[in-house]
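Understanding the architecture of this molecule
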Amino acid sequence: GGLLMDNYNIETYDKYCITDIVKIQIYRLLQFSEYDFSEYIGTDLNVYGEFEYEHYEDYFIDEKRKIYLLKINNNLAGFAFINNISYQLNNDNTLCVAEFFIMKKYRKKGYGRILAKYIFDTLNGKWEVFQMKNNTIAGVFWDNIIKDYTKDNYKVIELENEDGNIGNVFLFEN
């Protein structure tokens, strides 16, 4: 469908301004994200019925990590984690999209594009976006977003990450 013109808001958090309620909101959205992603990497729930996310707490203590929270009509709609853990550039100043999630209700309406563009516009530098090869929907999304954002000035490299997942890394600078 076309872009909904609902009222959206993007909130940015880092270790200096995170609140307990936002931590809970992000954790719950992360569970939905990990559930969606389990289809591609085969993860299981832990004994508490939750998906574990190894670096969750790092987003509240590491100043190089950022959290973006998307709300639509004041409802939680998605989030993104940005860090500097590089697969390809091996540079501490690289900006990497670690997680990017939009609730199914809000997908294919332009909100993912809005969130990605907002993140790229607010953080300048060398970017890496890793996308698993078997997640073709994400591949098309990122290819379209980055091609449009960079006016076709980007590279794609296929690689295997430390978890053994094959994917594409989109590289560009803004």
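Residues numbered from 1 in each chain as written. Predicted model: local features only at pLDDT ≥ 70, side-chain atom pairs only at ≥ 80, totals over all residues. Heavy atoms only, no water.

1. Description of the side chain of glutamine 25
With respect to the helices and strands, glutamine 25 occurs in helix α1 (residues 20-41). A residue is classified by how much of its surface remains accessible, and glutamine 25, at 18% relative accessible area, is buried. Those residues in contact with glutamine 25 that lie beyond four places of it in its chain are Leu69, Lys71 and Leu76. (Helix = DSSP H or I, 4+ residues; strand = E, 2+ residues; numbered from the N terminus. Buried < 20%, exposed > 50% of the residue type's maximum accessible area, 1.4 Å probe, protein only. Contact = heavy atoms within 4.5 Å.)

2. Considerations on the pattern of salt bridges
Considering all chains together, one arrives at nine salt bridges under this definition. With a closest N to O distance of 3.8 Å, aspartate 14 and lysine 66 form a salt bridge. Taken as a pair, aspartate 14 in the loop between β1 (8-13) and α1 and lysine 66 in strand β2 (residues 66-72) lie far apart in primary sequence, 52 residues in all. Comparing aspartate 14 with lysine 66 shows no difference in burial state: the two are buried. Each of Asp58, Asp62 and Arg65 takes part in one network of salt bridges that share partners. (Salt bridge = Lys/Arg side-chain N within 4 Å of Asp/Glu carboxyl O.)

3. Some thoughts on α1
End to end, α1 covers 30 Å across 22 residues, agreeing with the expected 32 Å (1.5 Å per residue, within 8%). A maximum bend of about 25° is found in α1 at tyrosine 35. Considered for burial, the residues of α1 that qualify are Val22, Gln25, Ile26, Leu29, Leu30, Gln31, Ser33, Glu34, Asp36, Ser38 and Tyr40. The inward-facing, buried residues of α1 contact β1, β2, β3 (75-83), β4 (95-102) and β5 (126-132). Where α1 ends, the next residue or the one after it, glycine 42, has phi of about 70°, a positive value. (Expected span 1.5 Å × (residues − 1). Bend = angle between axes of the 7 residues up to and from the residue.)

4. Details of the packing of aromatic side chains
Under the defined criterion, the tally for this structure stands at 20 aromatic pairs. Judged by centre distance (6.0 Å) and plane angle (55°), the rings of phenylalanine 37 and tyrosine 40 are tilted. Separated by three residues within a single helix, phenylalanine 37 and tyrosine 40 lie in helix α1, roughly one turn from each other. Ring geometry for tyrosine 59 versus phenylalanine 81: centroids 4.0 Å apart, planes at 25°, classification stacked. One end of the pair, tyrosine 59, is in the loop between α1 and β2; the other, phenylalanine 81, is in strand β3, and 22 residues separate them in sequence. Take tyrosine 59 and phenylalanine 81: they sit in the same class, and that class is buried. Taking the ring centre of phenylalanine 60 as reference, the NZ or CZ of lysine 23 above it sits at 4.9 Å. Just above the ring of tyrosine 59 sits the side chain of arginine 65; from NZ or CZ to the centre is 4.8 Å. (Phe/Tyr/Trp six-rings, centres within 6.5 Å; stacked < 30°, edge-to-face > 60°. Lys NZ or Arg CZ within 6 Å of the ring centre and 35° of its normal.)

5. Let's talk about unusual backbone geometry
Even without being glycine, asparagine 73 reaches a positive phi, approximately 50°. Checked against the element boundaries, asparagine 73 lands in the loop between β2 and β3. Although it is not a glycine, asparagine 74 adopts a positive phi angle of roughly 70°. As for its placement among the helices and strands, asparagine 74 is situated in the loop between β2 and β3.

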